[in-house]
Amino acid sequence: MSYENILVSTEGRVGIVQLNRPAARNALNGALMAELVAALAAFDSDAAIGCMLITGSDKAFAAGADIKQMATATVVEMMDSEMLGAWDALTRLHKPLLAAVSGWCLGGGCELAMACDMIIASESAIFGQPEINLGVIPGAGGTQRLTRAVGKAIAMDMILSDRRLSAGEAMRFGLISRVAPVETYLALALEVAAVIAAKPPVAVRTAKEAVNAAYESTLAEGMRLERRLFTLLFATDDQKEGMAAFAEKRAATWQGR
Ligand code: DAK
């Protein structure tokens, strides 16, 4: 499949999607979101891929949804927008999805990064939810995922006053997991993705499911799900292999089943 708004590549078992609308600071229009979801869905169902990564450019991960595309939309057009389905589809991916973020990460760009399972940023990354300046509020997780990640105080500050976070602040507040200089953040993100991609695939996707459930369930429900998923993994060859390899002091060979 050929794409106009993204670049798709692989490095070993890592599937990479680079947002590629540099003239618009990678603003997320409907076409880009559709392509992004199609590329990620293809990686998700490809057994040769163990982890996926979204990145932008050093200057901009993404400056948000495309304001020019939304500007004159009616409420019904927004309700019917292809954007909605695309955002939902992101949450249905089974394999881990990393965001390698540099430069502007604003509005829908920040929401896209937060929809990923882990964010690795360059020291020049700027995170913000500036929708208030446009007469709207975040619409793809900004009020929800951001608040869960950084807490009410910082989320309110960002959403109400358009406070922007540096990479250092984002790290301190728990929004991102690693920071590196702009020259090396992408290499670091690819390295982390390769490490994950080399882990036993069924356990990896199960771990992702269990951690994400912590967002949507009570502690008791989450604990029950975790126990069930943990127990189920004893039906996999990889569990037998992993534990045998430990006892035999050798590297495990994963079958993905
Ligand atoms: N949309 C469209 N075009 C954009 C854009 C955006 N978000 N951001 C930048 N551009 C375009 C600029 O219009 C300009 O185009 P030309 O004038 O050259 O044609 C070009 O990119 C370069 O921008 P600047 O000249 O402004 O570049 P600077 O480096 O000076 O500034 C900036 C970069 C990122 C700080 C600035 O462009 C900026 O503030 N951009 C807007 C940021 C913003 O307000 N973002 C929030 C957008 S609202 C939902 C899903 C998602 C959303 C909502 C609902 N559903 C599923 C329901 C998300 C909403 C949003 O994200």
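Residues numbered from 1 in each chain as written. Predicted model: local features only at pLDDT ≥ 70, side-chain atom pairs only at ≥ 80, totals over all residues. Heavy atoms only, no water.

1. Focus on the layout of surface pockets
Stage number 1. In this model, the largest pocket occupies a volume close to 1,100 Å³.
Stage number 2. What lines the largest pocket is a set of 41 residues, among which Cys116, Asp117, Lys208, Asn212 and Tyr215 lie closest to the centre.
Stage number 3. Among the secondary structure elements, those contributing two or more residues to the lining of the largest pocket are strand S5 (97-101), helix H5 (108-115), strand S7 (118-122), helix H6 (145-150), helix H10 (201-216) and helix H11 (219-232).
Stage number 4. Among the elements that make up the lining of the largest pocket, the one with the highest residue count is H10 (12 residues).
Stage number 5. In terms of residue class, the lining of the largest pocket is made up of 24 nonpolar, nine polar and eight charged.
Stage number 6. Here the second largest pocket is characterised by a volume of approximately 840 Å³.
Stage number 7. In this structure, the second largest pocket is lined by 30 residues; those nearest its centre are Ala65, Met70, Met78, Ile137 and Gly139.
Stage number 8. Elements that contribute at least two residues to the lining of the second largest pocket include exactly helix H2 (67-70), helix H4 (82-90) and H5.
Stage number 9. Tallying contributions element by element places H4 first for the lining of the second largest pocket, with four residues.
Stage number 10. Among the residues forming the lining of the second largest pocket, the class breakdown is 18 nonpolar, eight polar and four charged. (1 Å grid on protein atoms, 1.4 Å probe; cavity = no way out; pocket = protein on both sides within 12 Å on 5 of 7 lines; lining within 4 Å. Points joined across faces, edges and corners; volume = space filled by probe spheres on them. Helix = DSSP H or I, 4+ residues; strand = E, 2+ residues; numbered from the N terminus. Nonpolar A, V, L, I, M, F, W, Y, C, P; charged D, E, K, R; others polar.)

2. A word on the packing of helix H1 (residues 30-44) against H4
Stage number 1. Their axes nearest at 9 Å, the elements H1 and H4 cross at an angle of 30°. Viewed along their axes, H1 and H4 adopt a mutual orientation that is roughly parallel. Relative to H4, the crossing made by H1 is left-handed. Residue-level inspection shows Gly30, Ala31, Met33, Ala34, Val37 and Leu40 of H1 in contact with H4, the latter providing Glu82, Met83, Ala86, Trp87, Ala89 and Leu90.
Stage number 2. Across the contact of H1 with H4, the residue classes break down as 10 nonpolar, one polar and one charged. (Axes fitted to C-alpha atoms, helices over the stretch in contact; angles between N-to-C directions. Parallel < 35°, antiparallel > 145°, perpendicular 65-115°, else oblique. Left-handed = near helix turned anticlockwise from the far one by under 90°. Contact = heavy atoms within 4.5 Å.)

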